[in-house]
Every structure is written in structure tokens, then in C-alpha cells.
2 protein chains.
Amino acid sequence: MSDLLERLRGRGWRLTAQRRVVAEVLDSGEHVHLTADEVHGRAAARLPEISRATVYNTLGELVSLGEVLEFSADGRAKRYDPNARHAHQHLVCSGCGSIRDVHIAGDPMGALPESESAGYALEGVEMTFRGLCPDCRAKRGA
Amino acid sequence: MSDLLERLRGRGWRLTAQRRVVAEVLDSGEHVHLTADEVHGRAAARLPEISRATVYNTLGELVSLGEVLEFSADGRAKRYDPNARHAHQHLVCSGCGSIRDVHIAGDPMGALPESESAGYALEGVEMTFRGLCPDCRAKRGA
DNA sequence: CTGTATGCAAAACGTTTGCAACAGC
DNA sequence: GCTGTTGCAAACGTTTTGCATACAG
């Protein structure tokens, strides 16, 4: 519920029924790390004739606009994270693949010494922690 | 040149011509962040009848054995990093996609507060910096 | 009215699988 | 000789593309 649509309209984003539905799915606040196909599924529930291609197009644009974060936790399908406005990291369960947003102490960007990034124009960092979640520990770790 | 083969033999790894070639490609020291397909290409240069499936199998095993790191910098093809024995991070150019190994100051794992990983059995962290490399800055950034 | 977004279906891409033949130990 | 590995080709899941149509501005 972060007025994604509001912001997009303000940027002169051409608003169609399909785009609205995609934005609403992402903005619904609850299901946070959807794959493109999951987004399509939820979008199609509200607007049955929406095509996969449109969902891919729209997601790609939202990523370019910086409104949505794209990342891949497992090399398979990319996931889309509507929580692009607050810096955060991910904690992925190596058992079930579930993804949690987490927050680290300092600024991860600052961890890279100047000497290592010499000549580069740094833009961002991605940080992904991996581990077994409590549920999977109970089942596997025994 | 880190005696990957030596180590694998020591672990009772069944050594075939194909596996040797794959290990040699990864161990050749120079081309560091190959995709599975690139590995296959280089392997096939030495042993033409090697199949893609075998390369995938072998890479998967090397990853399980902890000898090779698997990561995806772009959501497309996975990349294989033979430098699994020394902790390091990646710096990816958002222009040309080139990948550099970099090293940060502290221990990235320690950056995650206990409260955030409560109940989890942490296993590792991945850290990827993004930015424009000097070449791409010259061409694009103007 | 114009340009852009859409739907469809097909293709591209990376990866996995099933299975018979084969080869290391 | 037993067992695990290989090659092949086909299947798979995800994403991209080309093109004619529809619609927001």
C-alpha cells in the first residue's frame, strides 16, 4: 500500500487496465517475492485476458523505473520485490527456498574499499544470506 | 592452477576424461566466471565429443563438493567460479556485464544481527556490487 | 488521431531428464 | 563385473520476439 500507482501516474506512465492490475498485485503488500509467473497468475485472477508478455513488459519497466527490484535467489525464475524504496537484504532458506527481507547494521556499500572499486561508478549492492529456516531445520537438520 | 584434480582424486572422485577436462577448464586460472555453456565450449575444444549434459552434471557435482561456486549475476545463465576456497565478492558492470572478484573489509556474515536470523542456521552470504566499469563509463557515461 | 501497449503464438534460451551404451575402479 | 558416468535427444520452465489489433492520451 505505497501508492505505487500514484507515483507512476505522476511520472506520466501510460495507464492501462493491465498495468494497473500488475501494479496492484505488486502493491498489495502481502506476497512479497513473486516470480513473473506468479504475478501473471494473480493479475489474471482479476483481469483474465492479460498475457504473460504484457506482465513481463510491465515488470521490466517497473524495474527500469526503479520502482521494483529484480533479483534471483535460486537461478531459476527471477523474483520481483516491490520493496525497492527501503534498502534491505534477503535471507533465503536453502531448504524450502522461502525468502525473508532482513536488515543489516551498516551500509553494505561502504564495505567495499576504494581501492577495489577504483574507476568504477558504483550503483548498488545486493546481499543474500543463506541458511536453513526453523521449519526446515526441524524437518531435515533433526 | 590449484590442483583441483589432485584434491578431487583424494576424495575418491571417479575420474573420467570428461571430468578431467571440465576440471582443467575451470582450473586454468584465467577465464574466471564462465557459464555452463562456455565451459562446455572450452571443454569441447579439447574433447570434442563431450556432451552438454555431462558438463552440467559435473559442474553440479563440483558445486556440491564445495570446490566451485555457483552464482548468477544477471538472472540469465548461472556462472561458475572456481575460486571457492577464498571468500570474495563480485563487482558486476551494469554496462557490459563483466565480473570482477573483489574483497571487502570485514566479515559479511557478521553484518546480520542475531535478531534477524533468529532460528535460522546460517550457511553463507553472497554479495554483489554493481556499477559501471571504467570502459563503459568512457563510452556511455560520457 | 497517433503512438504505444497488448495479445497471441512461436521461438529462444538455459537446464534437466530418461535411457541404453560404456568405462573406471 | 558392478556401478556410476556418458551421450543423445527430447522435454521442461522461463523469458523474449514479431506482428496485427486495440486503446490511452
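Residues numbered from 1 in each chain as written. Chains lettered and ligands numbered in written order. Predicted model: local features only at pLDDT ≥ 70, side-chain atom pairs only at ≥ 80, totals over all residues. Heavy atoms only, no water.

Looking only at helices and strands, chain A features five helices and six strands. For chain A, the α and β elements follow one another from N to C terminus as α-α-β-α-α-β-β-β-β-β-α. Buried positions account for 39% of the 142 residues belonging to chain A. Considering only contacts in chain A between residues 6 or more positions apart, those separated by 24 or more positions represent 49%. (Helix = DSSP H or I, 4+ residues; strand = E, 2+ residues; numbered from the N terminus. Buried < 20%, exposed > 50% of the residue type's maximum accessible area, 1.4 Å probe, protein only. Contact = heavy atoms within 4.5 Å.)

Turning next to the relation of the copies chain B and chain A. Each copy of the sequence occupies a distinct position, and chain B is placed on chain A by a rotation of 179° and an axial shift of 0.0 Å, giving an RMSD of 0.2 Å. The superposition operator between the copies reduces to a two-fold rotation axis. Looking at the rotation axis and the C-alpha trace of chain B, the residue lying nearest is Met127(B), at 2.3 Å. (Least-squares fit on C-alpha atoms with pLDDT ≥ 70 in both.)

Right, let's get into the pattern of salt bridges. Evaluated as defined, the whole model comprises 14 salt bridges over all chains. In this structure, Arg79(A) and Glu38(A) form a salt bridge, with 3.5 Å as the shortest nitrogen-oxygen distance. You can see Arg79(A) sitting in strand S3 (residues 79-81) and its partner Glu38(A) sitting in helix H3 (residues 36-46), a full 41 residues away along the chain. For Glu67(B), the salt bridge goes to Arg11(B), with nearest N and O atoms at 3.1 Å. In this pair, Glu67(B) is assigned in the loop between helix H4 (52-64) and strand S2 (69-71) and Arg11(B) in the loop between helix H1 (4-10) and helix H2 (17-27), connecting sequence segments 56 residues apart. Accessibility expressed as a relative area gives 5% for Glu67(B), which makes it buried. Several salt bridges converge on common partners, so that one network encompasses Arg7(A), Arg11(A) and Glu67(A). (Salt bridge = Lys/Arg side-chain N within 4 Å of Asp/Glu carboxyl O.)

Glancing now at the sheet that holds S2(B). Strand pairing within a sheet occurs via backbone hydrogen bonds; the two strands may be parallel or antiparallel. One open sheet holds the three strands; their spatial order is S1-S3-S2 (chain B), and the pairing between them is antiparallel. Because the sheet does not close on itself, it has two edges, and the strands there are strand S1 (34-35) and S2 of chain B. (Pairing = 2+ DSSP bridges.)

A word on the packing of helix H3 (residues 36-46) of chain B against H4(B). How two helices sit against one another is set out by the angle between their axes and by the gap between those axes. Residue and element names in this part refer to chain B. Running from amino to carboxyl end, H3 crosses H4 at an angle of 120°, the nearest separation of the two axes being 9 Å. In the packing of H3 onto H4, the handedness of the crossing is right-handed. Together, Ala36, Asp37, Val39 and His40 of H3 and Arg52, Val55, Tyr56 and Leu59 of H4 make up the contact between the two elements. Classifying every residue of the contact of H3 with H4 gives five nonpolar, one polar and two charged. (Axes fitted to C-alpha atoms, helices over the stretch in contact; angles between N-to-C directions. Left-handed = near helix turned anticlockwise from the far one by under 90°. Nonpolar A, V, L, I, M, F, W, Y, C, P; charged D, E, K, R; others polar.)

Moving on, we come to the UniProt feature "binding site: Zn(2+)" (unreviewed entry) in chain A. All names here are of chain A. The feature "binding site: Zn(2+)" (unreviewed entry), as given by UniProt, occupies Cys93, Cys96, Cys133 and Cys136 in the numbering adopted here. The largest pairwise C-alpha distance within this set of annotated residues, which runs over 44 residues, is 8.1 Å, so the set is compact in three dimensions. Of the annotated residues named above, the ones that line the largest pocket are Cys93. Of note, Cys93 is situated in strand S4 (residues 89-93). Judged by its relative accessible area of 2%, Cys93 falls in the buried class. (UniProt positions renumbered as here; feature names shortened; annotations may be inferred. 1 Å grid on protein atoms, 1.4 Å probe; cavity = no way out; pocket = protein on both sides within 12 Å on 5 of 7 lines; lining within 4 Å.)

Let us look at the protein's contact with DNA strand C. Near DNA strand C, the surroundings consist of 17 residues, among which Arg14(A), Thr16(A), Gln18(A), Thr54(A) and Tyr56(B) are the closest. Protein-adjacent atoms of DNA strand C, using a 4 Å cutoff, are sugar or phosphate at a proportion of 75%. In this structure, Lys78(B) approaches DNA strand C through a main-chain N or O atom, which is 2.9 Å from a phosphate oxygen. Going through the elements one at a time, helix H2 (17-27) and helix H4 (52-64) of chain A together with H4 of chain B are the ones with two or more residues in the surface near DNA strand C. Among the residues forming the surface near DNA strand C, the class breakdown is seven nonpolar, four polar and six charged. (Near = heavy atom within 4 Å. Polar contact = N/O pair within 3.5 Å; in protein donor to acceptor, adjacent residues only side chain to side chain.)

Let us now look at the side chain of Asp81(A). All names here are of chain A. Along the polypeptide, Asp81 turns up in strand S3. Of the side chains with opposite charge, Arg79 comes closest to the buried, unpaired Asp81, at an N-O distance of 9.3 Å. A distance of 2.8 Å separates a polar atom in the side chain of Asp81 from the backbone nitrogen of Asn83. A distance of 2.9 Å separates polar atoms of two side chains, one belonging to Asp81 and the other to His90. (Lys, Arg positive; Asp, Glu negative; His and termini not counted.)

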